[in-house]
Amino acid sequence: MDGEEILLSIGVLTYNQKKYVRQALDGIIMQKVNFRYEVIVGDDCSTDGTQDILREYAQKYPNVFRLVLRDENVGATKNNFDLKHRARGKYFACLEGDDFWTDEYKLQIQVDFLEGHPEYIGCVHKCIFVGENGEPNEKFPVNGYYCNEEVFTIKEFEHGDLPGQTATLMYHNIFLDHSRDFSIMYTASDKIGDKTAILLLLSYGNIYNIDRVMSCYRYIINPNGSNVSSGYIGKNNRDELMAYLITLEEYAKTELGIPLNMDYKKRNIFVAAVTVWLKNKTRENAAVIGRMLALSGKPVAYGWLKYKTIFQKWFGWKILHRDIRIKI
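None of these values were measured; they are calculated from a predicted model.

Rules used throughout
Residues numbered from 1 in each chain as written. Predicted model: local features only at pLDDT ≥ 70, side-chain atom pairs only at ≥ 80, totals over all residues. Heavy atoms only, no water. Helix = DSSP H or I, 4+ residues; strand = E, 2+ residues; numbered from the N terminus. Rg over C-alpha atoms; globule rule 2.2 N^0.38 Å. Buried < 20%, exposed > 50% of the residue type's maximum accessible area, 1.4 Å probe, protein only. Contact = heavy atoms within 4.5 Å. Areas by Shrake-Rupley, 256 points an atom, 1.4 Å probe, with all protein chains shown as cover. Core = buried A, V, L, I, M, F, W, Y, C linked by side-chain atoms within 4.5 Å. Expected span 1.5 Å × (residues − 1). Arc of directions from axis to C-beta. Pairing = 2+ DSSP bridges. Right-handed = clockwise from strand over helix to strand, strands pointing away. Polar contact = N/O pair within 3.5 Å; in protein donor to acceptor, adjacent residues only side chain to side chain. Phe/Tyr/Trp six-rings, centres within 6.5 Å; stacked < 30°, edge-to-face > 60°.

Caption draft 1: Spotlight on the overall build of the protein. Regarding its fold elements, the protein presents 12 helices and nine strands. What you see for the protein is a C-alpha radius of gyration of 20 Å, in line with the 20 Å of a compact globule of 328 residues. If you line up the protein on its principal axes, its C-alpha atoms span 65 × 40 × 35 Å. Looking at the protein residue by residue over its 328 residues, the buried ones come to 56%. In the protein, of all internal contacts separated by at least 6 residues, the share reaching a separation of at least 24 is 77%. Here the protein displays about 14,900 Å² of accessible surface, and carbon together with sulfur accounts for 50% of that area.

Below, the structure written as structure tokens:
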């Protein structure tokens, strides 16, 4: 296949994931496909030996792996942005170094779907949530809190959903379109990129959900962890998350011509922040609420929401919001 044109680029993001990265890379190597693909690995200055493992795989599979080993940390979204612009394939698949694929036909199934359904910009599939050591996380059903609609549109995005977890996504490589400025990928946030990428994709078309489990998402919440979920849930930086959503709303309106309304998601995040404060009334948790009130632009409405949440928690009233978990 060496002389064939690259049909698929696989972008792998790593940062201090020595414990997990072999499983991620082995899940790529096991894929059975009838096309040529490339694997571009962007390591954001790992210090735990991750880069040594990456060099080992690149030496073993020199025609597959392209390594971008950074000598200084640039942040998750800038690392991701750079990889996407290095990709040569018609399609792009995503994988983070602590997640892994479980179905050896995953890539072939998704490429075949996109080749046969050009009306969709991308496709996702179901995933299983696992813990630190790969054990199933019984708190989450298959696909966890990701969208289960067959077709994912801007309507589902406004509700705060994502079509699927990062490792499930494959899409037409929109970054080959050099007429557009995609720098919003890292300017919107230095940590979160999945919602930005999905918004950009939706500006081209809808995303299809394949009803098949083909990967595992390692869901770990650790206040001292470096993954995004730990950073925003474990450390309660929900004010930063609200600011990020507001940035996306403004970008959608001014650059994409999409009247995006993320109020539902912002309200859920705010309720979650108030709930955290009720459990742990620290000065910092109170400050997070204060910053969110200012960011909302609706201090009266959000102030009422704050006290309603407090009353509901104190008196056991039923929460009126469907879901207050943070979906990053």
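Caption draft 2: Representation of the nonpolar core within the structure. Ranked by size, the top nonpolar core spans 62 residues in total, and within it Phe 157, Ile 198, Leu 199, Leu 201, Ile 207 and Phe 270 carry the most contacts. Looking at which element gives the most residues to this core, the answer is helix H9 (residues 238–256), with eight residues. Each residue touching Phe 270, except ones within four places of it in the same chain, is listed here: Met 242, Ile 289, Met 292, Leu 293, Tyr 302, Leu 305 and Lys 306. Within the second largest apolar cluster, 33 residues are counted, among which are Leu 7, Leu 8, Ile 10 and Val 39.

Caption draft 3: Here's a closer look at helix H10 (residues 263–279). Its 17 residues give H10 an end-to-end C-alpha distance of 25 Å, which sits within 8% of 24 Å, the value for a rise of 1.5 Å per residue. Where burial is concerned, most of H10 is hidden: 12 out of the 17 residues are buried. Against the buried residues of H10 lie helix H7 (194–202), H9, helix H11 (283–296) and helix H12 (299–315).

Caption draft 4: Expanded view of the environment of Val 151. By secondary structure assignment, the location of Val 151 is in strand S7 (residues 151–152). According to the relative accessible area criterion, Val 151 is partly exposed, its value standing at 25%. Placed 48 residues apart in sequence, Val 151 and Leu 199 show a C-alpha to C-alpha distance of 15 Å. Setting aside residues up to four positions removed in sequence, Val 151 forms contacts with Tyr 120, Glu 156, Asn 206, Ile 207 and Tyr 208.

Caption draft 5: Highlighting H11. Helix length check: H11 (14 residues) gives 20 Å between terminal C-alpha atoms against 20 Å at 1.5 Å per residue, within 8%. Along H11, the residues classified as buried are Asn 285, Val 288, Ile 289, Met 292, Leu 293 and Ser 296. Across the axial projection of H11, the buried residues extend over an arc of 135°, all falling on one side. Within H11, the exposed residues directed more than 90 degrees away from the buried face are Arg 283 and Ala 294. Where H11 terminates, the next one or two residues include Gly 297, which has phi positive at roughly 75°.

Caption draft 6: Spotlight on the pairing of strand S2 (residues 36–43). When you tally the buried positions in S2, you get seven out of eight residues, the bulk of the element. Sheet analysis places strand S1 (residues 6–14) next to S2, joined by eight bridges and oriented parallel. In the sheet register, Leu 13 faces S2, and the bridge partner there is Gly 42. In the classification by handedness, the crossover that spans S1, the intervening helix H1 (residues 21–29) and the parallel S2 is right-handed. Pairing of S2 with strand S3 (residues 65–69) involves five bridges; the strand directions are parallel. In the strand pairing of S3, Val 41 is matched with Leu 67. You can see the chain leave S2, run along helix H2 (residues 50–60) and come back into S3, and the turn it takes is right-handed.

Caption draft 7: Region of interest: the side chain of Asn 137. Structurally, Asn 137 can be placed in the loop between strand S6 (120–130) and S7. Separated by 3.0 Å, the side chain of Asn 137 and the backbone nitrogen of Lys 139 make a polar contact. If we skip the residues at most four places from it in the chain, Asn 137 touches Phe 129, Val 130 and Tyr 219.

Caption draft 8: The arrangement of the side chain of Gln 108 in detail. Inspection of the secondary structure assignment puts Gln 108 in helix H4 (residues 106–116). Under the relative-accessibility criterion, Gln 108 is labelled buried at 11%. Dropping the residues within four chain positions of it, Gln 108 is found in contact with Lys 32, Val 33, Asn 34 and Phe 35.

Caption draft 9: Summary view of the packing of aromatic side chains. Applying the stated criterion across every chain, the model contains 20 aromatic pairs. Where Phe 129 meets Phe 140, the ring centres are 4.4 Å apart and the plane angle is 20°; that geometry is what we call stacked. Of the two residues, Phe 129 sits in strand S6 while Phe 140 sits in the loop between S6 and S7, which places them 11 residues apart along the sequence. Residue classification places Phe 140 among the buried residues on the basis of a relative accessible area of 12%. A centroid spacing of 4.9 Å and a plane angle of 70° characterise the contact between Phe 140 and Tyr 219, whose relative ring orientation is edge-to-face. Within this pair, whereas Phe 140 is found in the loop between S6 and S7, its partner Tyr 219 is found in the loop between strand S9 (206–218) and helix H8 (228–234), the two being separated by 79 residues in sequence. Per residue, the accessibility class of Phe 140 equals that of Tyr 219, and both read buried. An aromatic cluster is defined as three or more aromatic residues linked by ring pairs; in this entry it consists of Phe 129, Phe 140, Tyr 145, Tyr 146, Tyr 217 and Tyr 219.

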